[in-house]
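So you can see what is in the structure, the chains are spelled out below.
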Amino acid sequence: MKKINAVVFDMDGVLLDTETICDRTWYKVAEERKISNIQKAMQSCRGMNKADSYITLKKLYGEDFDVEGFMQRTSELFHEIETTEGINLMPYVKEALEYLKPRYRIILASSTRGPVVKRQLADADLINYFETLTTGDMVTHSKPHPEIYLMACKSIGEKPENCVAIEDSPNGIKSAFSAGLKTIMIPDKIQPDEEITKLCWKITDSLQKIEEIL
């Protein structure tokens, strides 16, 4: 096995429990606007950046669908929840980062926009663990395209085969695997099917197991 030099984290659903908040906002706006089949839309867009989510929603609901209005409303609701309730950490996040930091280079590859990533990681007291942040507004194509992981590895001069990605979504796993990284899946809202399982080096139920893997 190639020597592992770096660990690349996804943020949403791996470090921060933002996916739960996103789901609340999407269900709420779907109810307000009488939008059907919203769960399929959520699962299809999970792990994507805003631009690719826009394209996906247009494909699902048609060219006349008001994606801008939908996204704006979900964003407003998310901000309200973030401000009033805060964002919870996923289990064992700090313990895992404390374990990994002296042993590996730690970087981030998140489909979320850079200013949001920086704010949320800073608020969670996590930002100083990461050497670089590669975000959704830096790439043309979001996950499942490999671009974001290739860019993340390049940001520290490491070859993808010497890096491990920690992801929660099928789109994220596809992205990292296609870029040539070893993949660890910690499923959050979507369990891996047979196709995704084949792309995973390891699958575990929480970051608590990272010490046994790396």
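## Describing the packing of helix 1 (residues 18–33) against helix 2 (residues 38–45)
Packing of helix 1 against helix 2 brings their axes to within 10 Å, and their N-to-C directions diverge by 145 degrees. The chirality of how helix 1 crosses helix 2 is right-handed. Contact residues: Asp 23, Trp 26, Tyr 27 and Ala 30 in helix 1; Ile 38, Gln 39, Ala 41, Met 42 and Cys 45 in helix 2. Partitioning the contact of helix 1 with helix 2 into residue classes produces seven nonpolar, one polar and one charged.

## Observations concerning helix 2
Taken as a whole, helix 2 has its buried residues at Ile 38, Ala 41, Met 42 and Cys 45. Each buried residue of helix 2 sits inside an arc of 100 degrees when the element is viewed along its axis, so together they form one side. As for helix 2, its buried residues are in contact with helix 1, helix 3 (50–61), helix 4 (67–85) and helix 8 (170–179). The first or second residue beyond helix 2 is Gly 47, which carries a positive phi of 95 degrees.

## Points about the pairing of strand 4 (residues 163–167)
Extensive coverage of strand 4 is indicated by the burial of five of its five residues. Of the two faces of strand 4, both are covered, the one formed by Cys 163, Ala 165 and Glu 167 as well as the one formed by Val 164 and Ile 166. The pairing of strand 1 (residues 6–9) with strand 4 spans four bridges and is parallel. The residue of strand 4 that forms the bridge with Ala 6 is Cys 163. Tracing the backbone out of strand 4, into helix 8 and back to the parallel element strand 5 (residues 182–185) gives a crossover that is right-handed.

## Details of the sheet that holds strand 4
Taken together, six strands build an open sheet; the order of strands is 3-2-1-4-5-6 and the sheet is parallel. Each having just a single partner strand, strand 3 (133–135) and strand 6 (202–203) make up the two edges of the open sheet. Set on the sheet, helix 6 (residues 114–123) makes contact with strand 2 (105–110) and strand 3; between it and strand 3 the angle comes to about 135 degrees. Against the sheet, helix 7 (residues 147–155) makes contact with strand 1, strand 2, strand 3 and strand 4, and its axis sits at roughly 150 degrees relative to strand 2, the strand it touches most.

## Focus: the pairing of strand 2
Taking burial as the measure, the six residues of strand 2 include five buried ones, the bulk of the element. Note: strand 2 against strand 3, three bridges, orientation parallel. Paired with Ala 109 across the bridge in strand 3 is Thr 134. Read from strand 2 through helix 6 to strand 3, the crossover connection turns out right-handed.

Quick notes on the rules
Residues numbered from 1 in each chain as written. Predicted model: local features only at pLDDT ≥ 70, side-chain atom pairs only at ≥ 80, totals over all residues. Heavy atoms only, no water. Axes fitted to C-alpha atoms, helices over the stretch in contact; angles between N-to-C directions. Helix = DSSP H or I, 4+ residues; strand = E, 2+ residues; numbered from the N terminus. Left-handed = near helix turned anticlockwise from the far one by under 90°. Contact = heavy atoms within 4.5 Å. Nonpolar A, V, L, I, M, F, W, Y, C, P; charged D, E, K, R; others polar. Buried < 20%, exposed > 50% of the residue type's maximum accessible area, 1.4 Å probe, protein only. Arc of directions from axis to C-beta. Pairing = 2+ DSSP bridges. Right-handed = clockwise from strand over helix to strand, strands pointing away.

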